[in-house]
Each structure stands twice: as structure tokens, then as C-alpha cells.
Amino acid sequence: MLVVGFPAGPLEANCYLLASDDGGECVIVDPGEDVVEPLEAALSGHRLTPVAMLATHGHPDHVASAAEVGARHGIPLHLHEADRPLLGPGAGERKDGIVSLVDGPLRLAGLEISVSRTPGHTAGSVVFGLTSAEGGRIVLTGDSLFAGSIGRSSGDGDELMRSLGAKVMTLPDDTVVLPGHGPATTIGQERAGNPFLAGTGV
């Protein structure tokens, strides 16, 4: 499995490309602010054709370029319905350009992607899980879980902790966490050393 990630925009939100390999179809996760130029370079460099955009949540730093990317490639944005009210004009609020995400499996670009709603940071926050052909696991956590921190901002902290406990921290320790900001980590590292999870039973 091919994973390409880069930070973009003033808040350095991570945008990811997921594909089976170079030279095929891919999905774009979190097309946020100022991603168009680096995104097109990554697509070209890996000879990838995007078939869909996925949003971990609807904040502008994660979806601001969805309209432009969607228009360039003729692809929809998959977003949980609860976060649709967060979308501004830059996110591509086209009636035919938004697909509602629901819990369960999603098959795109030859990948089996699990969708799990994790409300707390926003009402419609989700995490995406994938398993490689070799058995490696990754989870894209958006702004719910970071290396050494958790998402807070305007969200509901108690609800976020319930979501993390039920949907994220139940994953195996070797699961690689690709967060919405900052470096990658693992579930094991966060279980052992994340100060926001210490003593919470999560």
C-alpha cells in the first residue's frame, strides 16, 4: 500500500494520498488549505489518478481545497452529514459533489477503508482504517488523536474521550496513526505516553 502525506496551509494540516501502488487510482484524504500545488505534484510524481476525496471532518484546514480539487478531477468529497454545516464556499458545497459517509466499509481505488464515526472534535468527525496486503494497519485520525495530544478546539471533550476509547484506542498497539497535524505515531506509543490519555482508562 502506498501512503503519501504532506502538511499544507497556515495550520499545516496533513493531506494524504492512499493507493495500492504507484501508477493507479488513489483517494485523497483531507484536501485542506493550499494543497492544490503540492497535491498535483504528488499525483504526477506517483502517476496516480484520484477517484474520491475523504474528509476526517469539516473544518476549513481539512477541506478548503475540495471544490478546486473536485472540479479539476471530477471527483466527490465524502464527508459525514453532521459536518456538512461546517462547509464554506471553498469546500465545494455542490449538491452533486458531496457524498455522505456512514460507519462501515468503503471500497475505493482498490482499497478497503473502514469508516468509524468519532464525534467530539466535531459532530461528524470520523477515522479511516486500512490494512495492507502484508498485514500492517493504519488509522487516519484527523483531529481526534495526535502524537502526544488529542483534538480539543471547539469540540466536546467528554464525547471525544468516549470516541477514542470505543473506536481508536481499542486498535492493536502496532497500528500506525496518521493524524491531521504533526508526525505519525502508533496506538502503542499513545497508550504508553500520551498525557491526555493517562489515567482515563482509554
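Residues numbered from 1 in each chain as written. Predicted model: local features only at pLDDT ≥ 70, side-chain atom pairs only at ≥ 80, totals over all residues. Heavy atoms only, no water.

For the chain, an unreviewed UniProt entry supplies the name MBL fold metallo-hydrolase and the organism Amycolatopsis alba DSM 44262. Listed in UniProt under the heading Cofactor (unreviewed entry), the comment for the chain reads: "Zn(2+)". (UniProt positions renumbered as here; feature names shortened; annotations may be inferred.)

Draft legend 1. The sheet that holds strand S13 (residues 176-179), seen in detail. The 6 strands are arranged S7-S8-S9-S10-S13-S14 in an open sheet whose pairing can be described as mixed. Taken across any chain shown, the strands that pair with only one partner, and hence form the sheet edges, are strand S7 (104-108) and strand S14 (185-186). Relative to strand S8 (residues 111-117), S7 is paired through 5 bridges, and the arrangement is antiparallel. Bridged to Arg107 within S8 is Glu112. (Pairing = 2+ DSSP bridges. Helix = DSSP H or I, 4+ residues; strand = E, 2+ residues; numbered from the N terminus.)

Draft legend 2. Here's a closer look at the pattern of salt bridges. Under the definition given, this model contains 6 salt bridges. Measuring nitrogen to oxygen at the nearest pair gives 3.3 Å for the salt bridge that ties Glu81 to Arg84. Relative accessible area serves as the criterion here: at 21%, Arg84 is assigned to the partly exposed category. Among the salt bridges present, the one from Arg191 reaches Asp173, with a minimum N-O distance of 2.8 Å. Within this pair, whereas Arg191 is found in helix H5 (residues 187-193), its partner Asp173 is found in the loop between helix H4 (157-168) and S13, the two being separated by 18 residues in sequence. Asp173 gets classed as partly exposed once you look at its relative accessible area, which sits at 42%. (Salt bridge = Lys/Arg side-chain N within 4 Å of Asp/Glu carboxyl O. Buried < 20%, exposed > 50% of the residue type's maximum accessible area, 1.4 Å probe, protein only.)

Draft legend 3. Up close: helix H1 (residues 36-45). For H1, the complete set of buried residues consists of Val36, Leu39, Ala42 and Leu43. All buried residues of H1 fall inside an arc of 130° around its axis, so they share one side. What points out from H1, more than 90 degrees from its buried face, is the exposed set Glu37, Ala41, Ser44 and Gly45. Two residues or fewer after H1 comes Arg47, characterised by a positive phi angle close to 55°. (Arc of directions from axis to C-beta.)

Draft legend 4. Expanded view of unusual backbone geometry. At Arg47, a residue that is not glycine, the phi angle is positive and equals roughly 55°. Secondary-structure assignment places Arg47 in the loop between H1 and strand S4 (49-54). Positive phi, normally seen in glycine, also occurs at Ala109, with a value near 55°.

Draft legend 5. Representation of the sheet that holds S4 in the model. Spatial ordering of the open sheet is given by S1-S2-S3-S4-S5-S6, a layout of 6 strands whose pairing is mixed. The open sheet has two free edges, formed respectively by strand S1 (2-8) and strand S6 (98-101), since each of these has just one partner strand. Taken pair by pair, the neighbouring strands of this sheet meet at an average axis angle of 25°, ignoring direction. Examined bridge by bridge, S1 and strand S2 (residues 13-19) share 7 bridges and lie antiparallel to one another. Its bridge partner lying in S2, Pro7 is registered against Asn14. (Axes fitted to C-alpha atoms, helices over the stretch in contact; angles between N-to-C directions.)

Draft legend 6. Region of the structure containing the side chain of Ser144. Counting through the fold element by element, Ser144 comes out in the loop between strand S10 (137-142) and strand S11 (145-146). For Ser144, a relative accessible area of 1% corresponds to the buried category. What Ser144 contacts, discounting residues up to four positions off in sequence, is Thr118, Ser125, Ile150, Gly151, Leu160 and Leu164. (Contact = heavy atoms within 4.5 Å.)

Draft legend 7. Structural view of the nonpolar core. The biggest cluster of nonpolar side chains holds 25 residues, and the ones touching the most others in it are Leu17, Ile28, Leu39, Leu48, Met53, Val69 and Leu77. Those elements that provide at least two residues to this core are S1, S2, strand S3 (25-29), H1, helix H3 (66-73) and strand S5 (77-80). Beyond its immediate chain neighbours, meaning those up to four positions away, Leu39 contacts Phe6, Leu17, Ile28 and Val69. The next biggest cluster of nonpolar side chains, apart from the first, holds 19 residues, and it includes Ala109, Leu111, Phe128 and Leu178. (Core = buried A, V, L, I, M, F, W, Y, C linked by side-chain atoms within 4.5 Å.)

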